[in-house]
Amino acid sequence: MMVLKDETFKDLRDFIYDNTGIYIPDTKKYFIENRLSKRLEEKKIGSYEDYFYLLKYNTDKNELKVLYDKITTNETFFFRELQQLEVLVQQVIPRIKEERKIQTVKIWSAACSTGEEPYTIAMMLMDNPKTCSLRLDMVASDISDVVIERAQQATYGQYSLRNIPEQYMKKYFKQGAGTNYTLNSDVRTKVKFMQLNLLDDKKIRGFREMDVIFCRNVLIYFDKKAKLKVVTNLYESMKTGGYLFIGMAESLHDITRLLRPQILGKTVVYQKA
Ligand SMILES: C[S@@+](CC[C@H](N)C(=O)[O-])C[C@H]1O[C@@H](n2cnc3c(N)ncnc32)[C@H](O)[C@@H]1O
């Protein structure tokens with residue numbers, strides 16, 4: 001078993017924080033060991049110090065991508081936090097449609113993991129009589145290239161599929177190998193996927209005039225400073241009057257007052273005034 005010295009833990013922890021916003025406290029040295037020890041073995045790297053230097057001096061360009069894959073938590077599933085999705089389809093989108101008299105809505109799933117969140121949104125909007133005539137301009141992004149590739153393949157196992165209502169399963173999925181199911185192309189083609197780090201101010205400038213942003217269950221991994229930076233970036237990407245959904249257990253209460261919280265149904269939605 002390789003030893004992770006406290007000093008090297010701090011170097012790696014700070015490197016991860018500066019690059020992703022993910023904050024690993026002093027008490028969680030085991031997190032780095034759990035996530036990275038196998039990778040060092042695979043790469044035949046003899047110490048955490050050597051691995052840190054490889055990252056720091058970027059001598060292996062691919063390794064940063066692998067690091068992002070290893071240290072992110074990509075837990076997600078279809079129809080997660082359904083109350084928010086119902087508020088989106090039944091209240092937010094009809095409101096936007098009515099107020100702005102628009103035919104196209106721009107929606108961004110900003111930490112989409114393997115795609116279940118944006119695909120659920122697309123299916124629900126396609127399926128609802130109030131929203132099915134709208135043209136969807138949907139983009140979904142994540143820091144990890146690995147999850148983006150899996151989202152594009154759109155083949156899912158039972159864990160991801162467990163909350164999908166039967167009628168959606170029948171209408172939008174085809175059974176593949178074993179217990180896996182693949183999403184039909186009429187839903188897949190609605191969402192454009194790309195790799196994006198939410199701290200990357202420059203690249204984020206390409207995301208403009210969003211009517212709705214979903215950024216759920218990712219801010220919990222950041223500290224206050226990184227949260228503020230990301231939320232400010234999202235704010236810049238929204239239309240005036242646009243809406244932001246964060247996870248049901250998350251809050252912007254002590255982060256920023258840039259966005260106005262509103263209670264819709266049983267959930268809080270943030271609006272750009
Ligand atoms: C727990 S998943 C949430 C997925 C989905 N939004 C949901 O609620 O089910 C968090 C995702 O955030 C991504 N992530 C972490 N840091 C990020 C960053 N700095 N920029 C973009 N995505 C990031 C991770 O790769 C991971 O896929």
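Everything in this summary refers to the structure shown in the same document. What you are looking at is a predicted structure, and each value in this text was computed from that prediction instead of being measured.

What to know about the sheet that holds strand E1 (residues 104–109)
So, step 1. Here we have seven strands laid out as an open sheet, ordered E6-E2-E1-E7-E8-E10-E9, and mixed in their pairing. A single partner strand is all that each edge strand has here, and the edge strands are strand E6 (191–195) and strand E9 (259–264). For this sheet the average axis-to-axis angle between neighbouring strands, irrespective of direction, equals 25°.
So, step 2. Bridge analysis of E1 against strand E2 (residues 135–142) gives six bridges, and the strand direction is parallel. Considered in E2, the bridge of Lys106 is made with Asp137.
So, step 3. Lying on the sheet, helix H7 (residues 145–153) is in contact with E2 and E6; it crosses E6 at an angle near 160°.

Description of the site of the ligand
So, step 1. Among the 25 residues in the neighbourhood of the ligand, the closest are listed as Thr72, Thr76, Ala111, Ser113 and Ile143.
So, step 2. Split by domain, the residues of the shell around the ligand number at least three in each of domain 1 (6–71) and domain 2 (82–272).

A few points about helix H2 (residues 29–42)
So, step 1. In a regular helix each residue adds 1.5 Å, so 14 residues correspond to 20 Å; H2 covers 20 Å between its end C-alpha atoms and thus fits that length.
So, step 2. Bending of H2 peaks at approximately 40° at the position of Leu36.
So, step 3. Within two residues after H2, Lys44 carries a phi angle of roughly 55°, on the positive side.

Considerations on the environment of Tyr243
So, step 1. Looking at the secondary structure, you find Tyr243 in strand E8 (residues 238–246).
So, step 2. C-beta crowding within 10 Å serves as the criterion here: with 26 such atoms nearby, Tyr243 is assigned to the buried category.
So, step 3. Expressed as a C-alpha distance, the spacing of Tyr243 and Pro118, which sit 125 residues apart in the sequence, is 15 Å.
So, step 4. Beyond its immediate sequence surroundings of up to four residues, Tyr243 is in contact with Val92, Val212, Val269, Tyr270 and Gln271.

Digging into the nonpolar core
So, step 1. The biggest cluster of nonpolar side chains holds 65 residues, and the ones touching the most others in it are Val92, Ala110, Val212, Ile213, Cys215, Leu234 and Leu244.
So, step 2. Both domains that meet at this core, namely domain 1 (6–71) and domain 2 (82–272), each give it at least three residues.
So, step 3. Among all residues touching Cys215, those that are not within four sequence positions of it are Ala110, Ala111, Leu234, Leu244 and Ile246.

Details of unusual backbone geometry
So, step 1. Even without a glycine there, the phi angle at Asn58 is positive, about 50°.
So, step 2. Secondary-structure assignment places Asn58 in the loop between helix H3 (48–56) and helix H4 (61–71).

Examining the sheet that holds strand E5 (residues 181–183)
So, step 1. A sheet is described by the order of its strands in space; here three strands give the open sequence E3-E5-E4, paired in antiparallel fashion. Both outer strands of the open sheet, strand E3 (155–156) and strand E4 (173–175), are each paired with one neighbouring strand and no more.
So, step 2. The pairing of E4 with E5 spans three bridges and is classified as antiparallel. By the bridge assignment for E5, Phe173 is matched with Leu183.

Parameters and conventions
- Residues numbered from 1 in each chain as written.
- Predicted model: local features only at pLDDT ≥ 70, side-chain atom pairs only at ≥ 80, totals over all residues.
- Pairing = 2+ DSSP bridges.
- Helix = DSSP H or I, 4+ residues; strand = E, 2+ residues; numbered from the N terminus.
- Axes fitted to C-alpha atoms, helices over the stretch in contact; angles between N-to-C directions.
- Contact = placed C-beta atoms within 7 Å.
- Near = placed C-beta within 6 Å.
- Domains from an automatic or database assignment.
- Expected span 1.5 Å × (residues − 1).
- Bend = angle between axes of the 7 residues up to and from the residue.
- Buried ≥ 20, exposed ≤ 12 C-beta atoms within 10 Å, placed from the backbone.
- Core = buried A, V, L, I, M, F, W, Y, C linked by C-beta atoms within 7 Å.

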